[in-house]
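Take a look at the letters that make up each chain.
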Amino acid sequence: MTNWALWGTLVNTATVLGGALVGLLIKKIASVAARKRKITVQTTDDTGDRARTSTLTSTVMTGLGLCVLLIGLMGAMKVENVLVMIVSVALGSLVGELLDLDGWMKRFGDFVERRMKGRAGSVSEGFVTATLLFCVGAMTVTGAIESGVNRIHTTYYAKALLDMVSATVFASTLGFGVVLSAVSVFVTQGALTLLAVLAAGAIPMAITGEMVAVGSLLVVAIGTNLMGITHVKVMNLLPAMFFPIALCPLFSLLPL
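Residues numbered from 1 in each chain as written. Predicted model: local features only at pLDDT ≥ 70, side-chain atom pairs only at ≥ 80, totals over all residues. Heavy atoms only, no water.

## Considerations on the overall build of the protein chain
(1) Moving on: On a plain count of helices and strands, the protein chain comes out with 10 helices and zero strands.
(2) Moving on: Beginning at the N terminus, the succession of helices and strands in the protein chain can be written as α-α-α-α-α-α-α-α-α-α.
(3) Moving on: Within the protein chain, buried positions represent 43% of all 256 residues.
(4) Moving on: Accessible surface for the protein chain amounts to roughly 13,400 Å². Of this, 72% is attributable to carbon and sulfur atoms. (Helix = DSSP H or I, 4+ residues; strand = E, 2+ residues; numbered from the N terminus. Buried < 20%, exposed > 50% of the residue type's maximum accessible area, 1.4 Å probe, protein only. Areas by Shrake-Rupley, 256 points an atom, 1.4 Å probe, with all protein chains shown as cover.)

Structure below.
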């Protein structure tokens, strides 16, 4: 079953759904407890609860960041030609900065939130916020290539844990819309994975291996970001994953 290309996507979708349902349960329990105390959820006590939840989430995310860092390092160490990786990252970061991919993603997120604000109440807010968080990022693309090409789902497993924690927190505050974001995860990651499956037939395994290694290096940056060590704009590094397609044949011709 784990050799199925979409397995990582299914696991990620299930964790988002499960985390969101747990968050809804927490929201319900908190609401019942608040009524029993004859106070509303919008009081200062609730603000304190949210602050404690935020601190707990931050600690958990830091711990998960360590795991993501390890996963990224393990994948990056499988690189066959370190020069390909270095040049790919250099050229990819240059292209990403010139295109300002990180800025485009942020503006896209702001645009969607503005368009959806006030529509369908908190359901819309939860759906849009969670969808942007779970579907827009380097781990989504890296995991798709890893699953589609090599049938290895390590990146999506790590992403699944991160998304589960986030879904629980968001659902406990934003409500049912976060549950619906599981559909977005399945559609987005499933489509990217299937594209990677199609591309795998046209790209030699040696090249796809280098692409995955470069993508794993980006996952290292995600891990350090989660730990608060760095603030790398990983989206601006994303083009680096595709440079091995041109660089591997080129370096094979050089007397190195």
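Now that the structure is up, let's keep going.
## A look at the nonpolar core
(1) Moving on: Grouped together as the largest cluster of nonpolar side chains are 36 residues, with contacts concentrated most on Val-68, Ile-145, Leu-238 and Met-241.
(2) Moving on: Secondary structure elements with two or more residues in this core: helix H2 (44-76), helix H3 (82-99), helix H6 (138-150), helix H7 (154-174), helix H8 (177-200), helix H9 (205-226) and helix H10 (244-253).
(3) Moving on: By residue number, the principal contributor to this core is H9, which donates nine residues.
(4) Moving on: Contacts of Val-68, omitting those with residues within four sequence positions, involve Met-139, Ala-158, Leu-162, Val-219, Ile-222, Gly-223 and Leu-226.
(5) Moving on: Grouped together as the second largest cluster of nonpolar side chains are 12 residues, Phe-134, Cys-135, Ala-171 and Val-178 included. (Core = buried A, V, L, I, M, F, W, Y, C linked by side-chain atoms within 4.5 Å. Contact = heavy atoms within 4.5 Å.)

## Structural notes on the side chain of His-153
(1) Moving on: Among the structural elements, His-153 can be located in the loop between H6 and H7.
(2) Moving on: At 3.3 Å, the side chain of His-153 forms a polar contact with the backbone oxygen of Trp-4.
(3) Moving on: A distance of 3.5 Å separates a polar atom in the side chain of His-153 from the backbone nitrogen of Gly-8.
(4) Moving on: With sequence-adjacent residues up to four places away left out, His-153 is seen in contact with Thr-2, Trp-4, Ala-5, Trp-7, Gly-8, Glu-146 and Ser-147. (Polar contact = N/O pair within 3.5 Å; in protein donor to acceptor, adjacent residues only side chain to side chain.)

## Remarks on the layout of surface pockets
(1) Moving on: Computed from the structure, the largest pocket encloses a volume of approximately 920 Å³.
(2) Moving on: Taken together, 30 residues line the largest pocket, and the ones lying closest to its centre are Leu-132, Leu-133, Val-136, Gly-137 and Ala-138.
(3) Moving on: Residue assignment for the lining of the largest pocket shows that the elements contributing at least two residues are helix H4 (101-116), helix H5 (121-135), H6, H7 and H9.
(4) Moving on: Per-element accounting of the lining of the largest pocket gives the leading share, six residues, to H4.
(5) Moving on: Residues that form the lining of the largest pocket fall into these classes: 16 nonpolar, eight polar and six charged. (1 Å grid on protein atoms, 1.4 Å probe; cavity = no way out; pocket = protein on both sides within 12 Å on 5 of 7 lines; lining within 4 Å. Points joined across faces, edges and corners; volume = space filled by probe spheres on them. Nonpolar A, V, L, I, M, F, W, Y, C, P; charged D, E, K, R; others polar.)

## Structural notes on a nonpolar patch on the surface
(1) Moving on: On the surface, Trp-104, Met-105, Phe-108 and Phe-111 cluster together into a nonpolar patch covering about 420 Å² of accessible area.
(2) Moving on: Within the element layout of this structure, Phe-108 appears in helix H4. (Patch = residues over 30% accessible without salt bridge, like charges linked within 9 Å, V, L, I, M, F, W, Y side chains within 5 Å. Salt bridge = Lys/Arg side-chain N within 4 Å of Asp/Glu carboxyl O.)

## What about unusual backbone geometry?
(1) Moving on: Not every positive phi belongs to a glycine, and Asp-100 is a case in point at roughly 55 degrees.
(2) Moving on: Positionally, Asp-100 belongs in the loop between H3 and H4.
(3) Moving on: We classify Asp-100 as partly exposed; its relative accessible area is 26%.
(4) Moving on: Of note in this structure, Arg-151 is not a glycine but carries a positive phi near 60 degrees.

## Here we look at H7
(1) Moving on: Given a rise of 1.5 Å per residue, 21 residues ought to cover 30 Å, and the 29 Å separating the end C-alpha atoms of H7 matches this to within 8%.
(2) Moving on: Immediately beyond the C-terminal end of H7, within one or two residues, lies Gly-175, with a positive phi of roughly 90 degrees. (Expected span 1.5 Å × (residues − 1).)

## Regarding the packing of aromatic side chains
(1) Moving on: Applying the stated rule across the entire model yields zero aromatic pairs.
(2) Moving on: Positioned above the aromatic ring of Trp-104, the side-chain terminus of Arg-107 is 5.1 Å from the ring centre. (Phe/Tyr/Trp six-rings, centres within 6.5 Å; stacked < 30°, edge-to-face > 60°. Lys NZ or Arg CZ within 6 Å of the ring centre and 35° of its normal.)

## Some words on the environment of Val-123
(1) Moving on: Summarising the element assignment, Val-123 is placed in helix H5.
(2) Moving on: Classification of Val-123 as partly exposed rests on a relative accessible area of 32%.
(3) Moving on: Put simply, Val-123 and Gly-177 are 54 residues apart on the chain and 4.0 Å apart in space, counted from C-alpha to C-alpha.
(4) Moving on: Each residue touching Val-123, except ones within four places of it in the same chain, is listed here: Gly-177 and Leu-180.

## Section: the side chain of Lys-159
(1) Moving on: Within the secondary structure layout, Lys-159 lies in helix H7.
(2) Moving on: Lys-159 gets classed as buried once you look at its relative accessible area, which sits at 4%.
(3) Moving on: Looking at Lys-159, its side chain comes within polar contact range of the side chain of Asn-12, at 3.1 Å.
(4) Moving on: With near-sequence residues (within four places) excluded, Lys-159 lies in contact with Asn-12, Phe-134, Met-139, Thr-140 and Gln-189.

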